[in-house]
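Descriptive analysis of the structure
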Amino acid sequence: MRKFIIERVGCSDPQPPNLGGKELQSAIQEKIDNLNKPKGSLGRLEELAMQVCLIQQTLEPSLAHPCHLLLGGDHGIEREGVSVSPREVTWQQMINFTRGGGGVNMFCRQHGFHLRIVDVGVDYDLSHVEGIIDRKIARGTRNFLYEPAMTEQEFDQAIAVGADLVDDCVAEGCRVVSIGEMGIANTSPSSIWMHLFGNIPLAECIGAGAGLDTPGIRHKYEVLSKAVQKSPKLGDNRGLNNGSPSDPLPPNLGGIIEVIRYFGGFEMVAAIGAMLRAAEQHLIILVDGFIMTACAVAAIRLCPAAQDYMIFTHCGDESGHQRMLDIVGAKPLLHLGLRLGEGTGALCAFPIVDSAVRMMNEMNNFDNAQITKYF
C-alpha cells in the first residue's frame, strides 16, 4: 500500500517543499505590504493571501469554480451503539441532499460551490437516485471491534475514489475544494485516529457526537477502548506524530496506513485521497470540522507537504476538536460552535478566503493611489 500511496497521489517526498522559493515569497510579501493600508493591518487575511498565492504560484490568485465533495459511508462500529443516530439516517440524508434540503445545499448555493454528492460506502442501494455519484466500495465498513474496518484493496480503492473526484473537479477548472462527510458513527474512528496520531488519552478524544448523553459517552469510550486494545500490532503506532506537530513523518508509513485502514470509514479514506491529490494539483483545501480534521491529520501523517495546501476553517463544538487542531499546529478561522459536519463550516469560512484573494487582486497600492507610504 505504501507504493500505491506514492504512485497514486505523488507523496514520495515526506518533507514539505518550499512553495515557490524565497523569490516568489518575497514578491508576494512586497505586494501585500504595498497595498494602500498600514503594514499588517489586515492581519489574518494577509497570512491567507500569502498561503493562497504560494499554493497557486502567482501574485494574482483565483478561487475559480469552487467544488464541494460530500462523501457518504456507513460504519460497522455503529452496531455497538456508539451513536444516538441510527445508520439509516445516512442514506436518508444523502437523498435529502439531492433535493437541496440540507445545510450543505444552502451554503453551496450561497457561495457558488458545485456540489458533488458521492456514495462511497452507504449501507443502502442509492444507485437509482438521481444526483448521487455511485462510487460504492461496500455497504459500510466492518466492525473494527472485531476486525479491520476494510481490506487493503478497499483502502486503495477508497484513496483512488477521492483522488479521481479531485481530478474531475480540476478538469472543470476548479482551484479550491472543500470536503464534507455523511456517515453515522464516524466520530468514533476520528477519535481513535486522534488518540493514536496525537498521543492523546482516548478519554479526552471522545465527545457527544450527534448528541450522546453522559452514559452514552461512557459506553462509547468503553467500546472504543476495547477496540484499540484488541487491534493487533497497533499499540506500537501510538504517538505516530513523534511527539511534536513539527516533527517529520515517521519512517513507519506502513503503520500509519494500518491505523487508517483498521478504523477508518470509506468516506474518510476517500477524503484523505482527495486531500492528497488536491495538494498535488496545487488546489486550496478547505478543511471542515472534527471528522475532516481527523482526515487531514491522517493525510499529513502520510504526506506532511499536504498541510501547506490546507486552510483549517473552524473549530467546532465537538469535544477535542481544538486539541486535534493542535496536533498539526493549525489555526482555525472561525469559532461558531458548529458540529453539523457535511463540510458546512468550511463553506461558511469561504468568504474570508475570498476576502484575502480580493485584497490581492482589487486593492490599490500606494503609488497608484498617490498616497505617501509612511513606513
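Right, let's walk through the structure included here.

About the cut-offs
Residues numbered from 1 in each chain as written. Predicted model: local features only at pLDDT ≥ 70, side-chain atom pairs only at ≥ 80, totals over all residues. Heavy atoms only, no water. Core = buried A, V, L, I, M, F, W, Y, C linked by side-chain atoms within 4.5 Å. Buried < 20%, exposed > 50% of the residue type's maximum accessible area, 1.4 Å probe, protein only. Contact = heavy atoms within 4.5 Å. Helix = DSSP H or I, 4+ residues; strand = E, 2+ residues; numbered from the N terminus. Pairing = 2+ DSSP bridges. Axes fitted to C-alpha atoms, helices over the stretch in contact; angles between N-to-C directions. Disulfide = S-S within 2.5 Å.

What about the nonpolar core?
In this structure, Trp193, Ile260, Phe263, Ile272 and Met310 are the most contacted members of the largest nonpolar core, which totals 122 residues. Excluding its chain neighbours within four sequence positions, the residues that come into contact with Trp193 are Gly198, Val259, Ile260, Phe263, Gly264, Met268, Ile272, Ala294, Cys295 and Ala298.

Topic: the environment of Asn36
Summarising the element assignment, Asn36 is placed in the loop between α2 (21-34) and α3 (43-56). With near-sequence residues (within four places) excluded, Asn36 lies in contact with Met363, Asn364, Asn365, Phe366 and Ile371.

Regarding the sheet that holds strand β5 (residues 284-287)
What the six strands build is an open sheet, ordered β3-β2-β1-β4-β5-β6; its pairing is parallel. The sheet is open, and its two borders are formed by β3 (132-134) and β6 (310-312), each paired with just one other strand. Along the sheet, successive strands turn relative to each other by an average axial angle of 30 degrees, direction set aside. Judged from the three bridges that link them, β5 and β6 form a sheet pairing that is parallel. Its bridge partner being in β6, Val287 is matched across the sheet by Phe312. The strands touched by helix α6 (residues 152-171) within the sheet are β1 (67-73) and β2 (114-121), with β1 carrying the most contacts at an inclination of about 155 degrees. Sheet strands touched by helix α13 (residues 344-362): β1, β4 (176-182), β5 and β6. Its angle to β5, the strand with the most contacts, is close to 135 degrees.

Comments concerning the state of the cysteines
Under the defined criterion, the tally for this structure stands at zero disulfides. With no disulfide of its own, Cys169 lies 3.6 Å from the sulfur of Cys67, the closest cysteine sulfur.

Remarks on the pairing of β2
Among the eight residues in β2, seven count as buried, and that is most of the element. Sheet analysis places β1 next to β2, joined by seven bridges and oriented parallel. Looking at β2, one finds that Gly72 is bridged to Asp119.

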